[in-house]
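Descriptive structure summary
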Protein chains: 2
Amino acid sequence: MKASTDQVLKQSRVQRLEQTPTSELPRPSRNARGESPCAACPVRDMNVCGALTDTDLATMNAISTDKTFERDQTLIWEGEAAGEFFIVSEGVAKVFKLLPDGRRQITGFLYPSDIVGLASNERYAYTAQALTPMRVCRFPRSKVLELFDEMPVLCRKVCCVASNELAAAQDQMVLLGRKNAAERLASFLLLLLRRKHLRGEEGQAIDTPMTRAEIADHLGLTTETVSRTVTQFRKLGHIELDGPHHILVRDEPALADLAAFDDPDGLPHTASF
Amino acid sequence: MKASTDQVLKQSRVQRLEQTPTSELPRPSRNARGESPCAACPVRDMNVCGALTDTDLATMNAISTDKTFERDQTLIWEGEAAGEFFIVSEGVAKVFKLLPDGRRQITGFLYPSDIVGLASNERYAYTAQALTPMRVCRFPRSKVLELFDEMPVLCRKVCCVASNELAAAQDQMVLLGRKNAAERLASFLLLLLRRKHLRGEEGQAIDTPMTRAEIADHLGLTTETVSRTVTQFRKLGHIELDGPHHILVRDEPALADLAAFDDPDGLPHTASF
DNA sequence: ACCTTCCCTTGACTCATCTCAACGAACCCA
DNA sequence: TGGGTTCGTTGAGATGAGTCAAGGGAAGGT
């Protein structure tokens with residue numbers, strides 16, 4: 001359901017962002033210079049868009065609008081009519097469901113190239129809220145569905161994305177159902193690191209714009225337990241902190257051991273539709 | 001998936017299994033009488049197959065083979081090359097992932113009309129094993145993917161299925177991350193009951209071919225906790241037992257209260273691709 | 001500068017669930 | 001018919017994570 005955790009991960013075709021060290025990242029300003037906004041999009045080659053030809057992309061572009069959100073603004077509300085898909089081009093968001101008494105489960109975090117709104121039915125089954133300022137591409141659901149017919153590759157790619165998200169969701173079930181606090185945190189940190197690399201960014205530093213409470217609500221723990229476990233990892237030398245929202249992974253193998261990844265090589269999967 | 005005439009379908013859609021008391025259930029024997037096996041398929045009108053015309057169904061049928069499994073036999077193995085999809089026509093299976101030390105998370109149970117093998121990439125990310133004798137339709141992955149092009153409705157329907165499964169996975173995350181033992185069991189029982197009704201079977205009796213340990217591995221609990229919680233529900237009068245594998249839901253509202261369903265009306269969603 | 005608020009961290013204690021253990025029932029097979 | 005095995009149930013005790021509480025630091029507003 002929601003674009004969550006993994007879609008990006010699973011996408012292998014990613015080379016884009018990592019080339020930036022040499023040349024400054026061309027920040028996509030919307031419709032700058034009158035050419036297709038996609039041309040300058042940082043996620044142009046990733047996920048769904050990466051599967052499209054320039055022509056198809058132009059078609060998609062014709063039905064999309066650029067939109068920005070401030071921190072804490074809501075992209076979609078659980079229960080509202082599901083009218084739109086979004087593809088994240090910049091920023092981070094959380095996707096969550098609430099129980100009647102206020103308990104919250106964050107099903108995933110959205111990073112650039114992630115899609116949200118897909119798993120919806122008539123109404124959204126979750127809420128998505130910006131953790132940082134965001135820029136997204138917005139697509140009217142109805143128009144995308146129309147495009148499915150004339151652009152079969154789009155439908156296939158959406159299948160592929162949904163399938164990858166499903167696999168990620170299953171990994172998360174293993175985490176929530178069968179891992180202890182340390183294993184959960186280790187898995188989470190490695191996942192963020194892996195996704196960062198898939199986005200083409202290098203280095204062992206991950207930034208975590210989410211609060212401890214948000215991490216807790218994602219991992220099925222409490223704020224205090226997350227905080228204690230982070231401290232424990234720091235004392236063990238597995239990680240290093242530069243403020244609560246910048247974590248440097250010092251001993252990836254140690255974390256991988258803890259995480260008990262089913263997927264030992266850590267390579268991303270790519271659904272082959 | 002198989003082509004058929006519709007008459008049978010309409011009734012099959014809902015009435016099938018419960019009528020068995022009076023008339024013997026017409027077991028679909030494969031290719032009996034040389035007509036399309038779909039004609040007699042109990043799930044002809046459900047899920048993917050329900051979206052297809054007779055013509056399309058015939059096309060699908062041409063690439064499918066019927067297959068049966070005994071209890072405990074494995075449909076697919078985690079890590080093996082993902083070459084096939086299955087649609088369950090009879091029986092129940094469990095789908096699970098293992099951690100290296102043997103901990104197991106059962107991500108779901110498959111009932112007639114459910115699909116398995118979809119969420120795969122190059123290799124299956126989970127194992128599926130029969131809980132009862134089963135009959136399934138088997139489709140070579142490659143051929144189905146080819147069909148996507150000539151049968152757009154198929155691709156859309158697969159999107160739809162994946163999307164619905166994703167939504168179910170997210171509900172399961174809420175359960176695993178934020179619900180206590182009683183809430184988990186209540187949610188689980190109601191889900192089984194709801195699915196039973198969706199399959200067209202009536203009544204408040206659910207049969208649970210899975211063991212307590214399997215329920216536990218699905219709900220992120222232990223055998224003992226499941227057993228104790230079942231006993232507790234029985235003593236409260238919420239349920240009634242007729243052996244460990246037949247549970248009669250006596251007080252559905254009480255369970256619904258406990259379950260804290262996000263979806264109060266309990267209506268199934270249907271993705272609208 | 002000061003106040004407020006939010007977030008993170010840490011400590012002490014509690015509790016829901018797990019673990020360990022025992023036992024009975026059902027089933028299978030010889 | 002009997003022995004072995006698996007499964008479900010129940011009890012008693014252990015423990016990992018939750019709860020409650022306190023304090024400090026950073027950020028933002030006036």
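In this report, the structure presented in the accompanying data block is examined. (Residues numbered from 1 in each chain as written. Chains lettered and ligands numbered in written order. Predicted model: local features only at pLDDT ≥ 70, side-chain atom pairs only at ≥ 80, totals over all residues. Heavy atoms only, no water.)

Take the pairing of strand β7 (residues 127-130) of chain B next. Residues and elements named next belong to chain B. Of the two faces of β7, the one lined by Thr127 and Gln129 and the one lined by Ala128 and Ala130 are each fully buried. Across two bridges, the pairing between strand β2 (residues 74-76) and β7 is antiparallel. Paired with Ile76 across the bridge in β7 is Ala128. (Buried < 20%, exposed > 50% of the residue type's maximum accessible area, 1.4 Å probe, protein only. Helix = DSSP H or I, 4+ residues; strand = E, 2+ residues; numbered from the N terminus. Pairing = 2+ DSSP bridges.)

The next thing to look at is the nonpolar core. In terms of nonpolar packing, the biggest core is built from 66 residues, with A:Phe188, A:Leu189, B:Phe188 and B:Leu189 touching the most fellow members. Those residues in contact with A:Leu189 that lie beyond four places of it in its chain are A:Ile206, A:Phe233, A:Ile239, A:Ile247 and A:Leu255. In this structure, A:Leu52, A:Leu118, B:Leu52 and B:Leu154 belong to the second largest nonpolar core, which totals 46 residues. (Core = buried A, V, L, I, M, F, W, Y, C linked by side-chain atoms within 4.5 Å. Contact = heavy atoms within 4.5 Å.)

Attention now goes to the protein's contact with DNA strand C. Of all residues adjacent to DNA strand C, which total 19 residues, the nearest are A:Arg212, A:Arg228, A:Thr231, B:Ala181 and B:Thr225. Among atoms of DNA strand C positioned within 4 Å of the protein, sugar and phosphate together represent 62%. The side chain of A:His245 places a nitrogen or oxygen atom 3.4 Å from a phosphate oxygen of DNA strand C. Contributing elements (two or more residues each) for the surface near DNA strand C: α8 (223-236) of chain A together with α8 (223-236) of chain B. (Near = heavy atom within 4 Å. Polar contact = N/O pair within 3.5 Å; in protein donor to acceptor, adjacent residues only side chain to side chain.)

What follows concerns the pairing of strand β11 (residues 246-249) of chain B. All names here are of chain B. Across the two faces of β11 the burial differs, with Ile247 and Val249 buried and His246 and Leu248 not buried at all. Here strand β9 (residues 205-207) runs beside β11; their pairing, made up of three bridges, is antiparallel. Residue pairing in the sheet places Asp207 in a bridge with His246 of β11. Bridge count between strand β10 (residues 239-241) and β11: three bridges; the pairing is antiparallel. Paired with Glu240 across the bridge in β11 is Leu248.

So, on to the sheet that holds strand β10 (residues 239-241) of chain A. All names here are of chain A. Taken in spatial order, the three strands line up as β9-β11-β10 in an open sheet, and their pairing is antiparallel. Looking at which strands have only one partner, the edges of the open sheet turn out to be β9 (205-207) and β10. Taken over all neighbouring pairs, the strand axes of this sheet differ in orientation by 25° on average, direction set aside. Across the face of the sheet, helix α6 (residues 181-198) comes into contact with β9, β10 and β11 (246-249) while running at roughly 100° to β9. (Axes fitted to C-alpha atoms, helices over the stretch in contact; angles between N-to-C directions.)

It is worth spelling out the packing of aromatic side chains at this point. Residue and element names in this part refer to chain A. All told, the structure shown has five aromatic pairs over all chains when counted by the stated rule. An angle of 80° between the planes, with centres 6.2 Å apart, marks the rings of Phe69 and Phe86 as edge-to-face. Placement of Phe69 in strand β1 (residues 65-69) and of Phe86 in strand β3 (residues 84-90) is noted, with a sequence separation of 17 residues between them. Classification of Phe69 as buried rests on a relative accessible area of 5%. Here Phe109 and Phe188 contribute two aromatic rings whose centre-to-centre distance is 6.0 Å and whose plane-to-plane angle is 55°, an arrangement assigned as tilted. (Phe/Tyr/Trp six-rings, centres within 6.5 Å; stacked < 30°, edge-to-face > 60°.)

Our next topic: the relation of the copies chain A and chain B. Once turned by 180° and shifted 0.0 Å along the axis, chain A lies on chain B with an RMSD of 0.1 Å. As the rotation angle and translation indicate, the two copies are arranged about a two-fold axis. Among all residues of chain A, the minimum C-alpha distance to the rotation axis is found for A:Cys159, at 2.4 Å. A shared interface surface links the copies, since 96% of the contact residues of chain A are contact residues in chain B too. (Least-squares fit on C-alpha atoms with pLDDT ≥ 70 in both.)

All names here are of chain B. A positive phi angle, near 50°, is found at Asn47, a position not held by glycine. Along the chain, Asn47 turns up in helix α2 (residues 47-50). Its relative accessible area of 28% is what places Asn47 among the partly exposed residues.

Okay, the protein's contact with DNA strand D next. Not every one of the 18 residues close to DNA strand D is listed here, only the nearest: A:Thr225, A:Arg228, B:Arg212, B:Arg228 and B:Thr231. When the atoms of DNA strand D within 4 Å of the protein are sorted by group, sugar and phosphate make up 62%. One of the side-chain nitrogen or oxygen atoms of A:Thr222 is found 3.1 Å away from a phosphate oxygen of DNA strand D. B:Arg212 places a side-chain nitrogen or oxygen 2.7 Å from a phosphate oxygen of DNA strand D. Of all the secondary structure elements, the ones that give two or more residues to the surface near DNA strand D are α8 of chain A together with α8 of chain B. With five residues, the single largest contributor to the surface near DNA strand D is α8(B). Its residues placed into classes, the surface near DNA strand D shows four nonpolar, nine polar and five charged. (Nonpolar A, V, L, I, M, F, W, Y, C, P; charged D, E, K, R; others polar.)

Turning to the packing of α6(A) against α8(A), a few remarks are in order. Residue and element names in this part refer to chain A. Interaxial distance between α6 and α8 falls to 10 Å at its minimum, and their mutual angle equals 75°. Between α6 and α8, the crossing angle belongs to the class labelled roughly perpendicular. Mapping the contact onto sequence places Ala181, Ala182, Leu185, Ala186 and Leu189 in α6 and Thr225, Thr229, Val230, Gln232 and Phe233 in α8. Of the residues contributing to the contact of α6 with α8, the split by class is seven nonpolar, three polar and no charged. (Parallel < 35°, antiparallel > 145°, perpendicular 65-115°, else oblique.)

Just geometry here; none of it tells us what the structure is for.
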